[in-house]
Amino acid sequence: MIFRFIGLSLVEPGLREYVEGHHLNFPMYTRLTSRLLTLLGLGGTPQTIVISPEGLVLKNWKGAYAERVQTELEGYFQIRLPGLTSPSR
């Protein structure tokens with residue numbers, strides 16, 4: 001499966017510096033409509049959402065990448081998140 005990553009930010013001030021400082025190399029969008037915020041249930045950060053090519057929300061993880069969320073994300077994407085350690089490792 002091929003994934004395309006994009007970032008959605010609820011705030012714009014300081015975003016450019018954050019993206020550059022963390023070497024994020026995917027598109028980042030701000031100024032989201034209230035409809036999109038409601039549709040995706042955006043509000044907490046970080047939040048990771050998997051959307052199918054047909055526009056269906058397949059997965060939606062809310063909160064920091066620790067414990068359960070980290071384990072689920074790593075399993076789903078078959079990756080190890082850099083800079084994080086898991087209690088089970």
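Everything numeric in this text was worked out from a predicted model, so none of it was measured.

**Some details on the environment of Leu-24**
- Note that Leu-24 resides in the loop between helix 1 (15-21) and strand 2 (28-29).
- The partly exposed category is assigned to Leu-24, whose relative accessible area is 28%.
- It is 9.2 Å that separates the C-alpha atoms of Leu-24 and Gly-7, two residues lying 17 residues apart in sequence.
- Other than its neighbours up to four places away in sequence, Leu-24 contacts Tyr-18 and Val-19.

**Digging into the nonpolar core**
- By size, the foremost hydrophobic cluster in this structure holds 6 residues: Val-50, Trp-61, Val-69, Leu-73, Phe-77 and Leu-81.
- No other element matches the 3 residues that helix 3 (residues 67-77) contributes to this core.
- For Leu-73, the residues in contact, after removing those within four places along its chain, are Thr-48, Trp-61, Tyr-65, Gln-78 and Leu-81.

**Remarks on unusual backbone geometry**
- Positive phi outside glycine occurs at Arg-31, with the angle close to 55 degrees.
- Along the polypeptide, Arg-31 turns up in the loop between strand 2 and helix 2 (34-40).
- Despite not being glycine, Gln-78 has its phi angle at roughly 55 degrees, a positive value.
- Note on placement: Gln-78 falls in the segment after helix 3.
- Looking at Gln-78, the relative accessible area reads 68%, which means it is exposed.

**Brief notes about the packing of aromatic side chains**
- If you walk through the whole model with that rule in mind, you get 7 aromatic pairs.
- When the ring of Phe-3 is compared with that of Tyr-76, the centres are 6.1 Å apart and the planes differ by 55 degrees; the resulting orientation is tilted. Linking Phe-3 in the segment before strand 1 (7-8) with Tyr-76 in helix 3, this pair joins segments that are 73 residues apart in sequence.
- What makes Tyr-76 partly exposed here is its relative accessible area of 27%.
- Relative to Tyr-76, the ring of Trp-61 lies with its centre 5.5 Å away and its plane at 70 degrees, an arrangement referred to as edge-to-face. You can see Trp-61 sitting in strand 4 (residues 57-62) and its partner Tyr-76 sitting in helix 3, a full 15 residues away along the chain.
- Overall, Trp-61 belongs to the buried group, its relative accessible area being 5%.
- Clustering of aromatic rings is evident, with ring pairs tying together Phe-3, Phe-5, Trp-61, Tyr-76 and Phe-77.

The rules behind each value
Residues numbered from 1 in each chain as written. Predicted model: local features only at pLDDT ≥ 70, side-chain atom pairs only at ≥ 80, totals over all residues. Heavy atoms only, no water. Helix = DSSP H or I, 4+ residues; strand = E, 2+ residues; numbered from the N terminus. Buried < 20%, exposed > 50% of the residue type's maximum accessible area, 1.4 Å probe, protein only. Contact = heavy atoms within 4.5 Å. Core = buried A, V, L, I, M, F, W, Y, C linked by side-chain atoms within 4.5 Å. Phe/Tyr/Trp six-rings, centres within 6.5 Å; stacked < 30°, edge-to-face > 60°.

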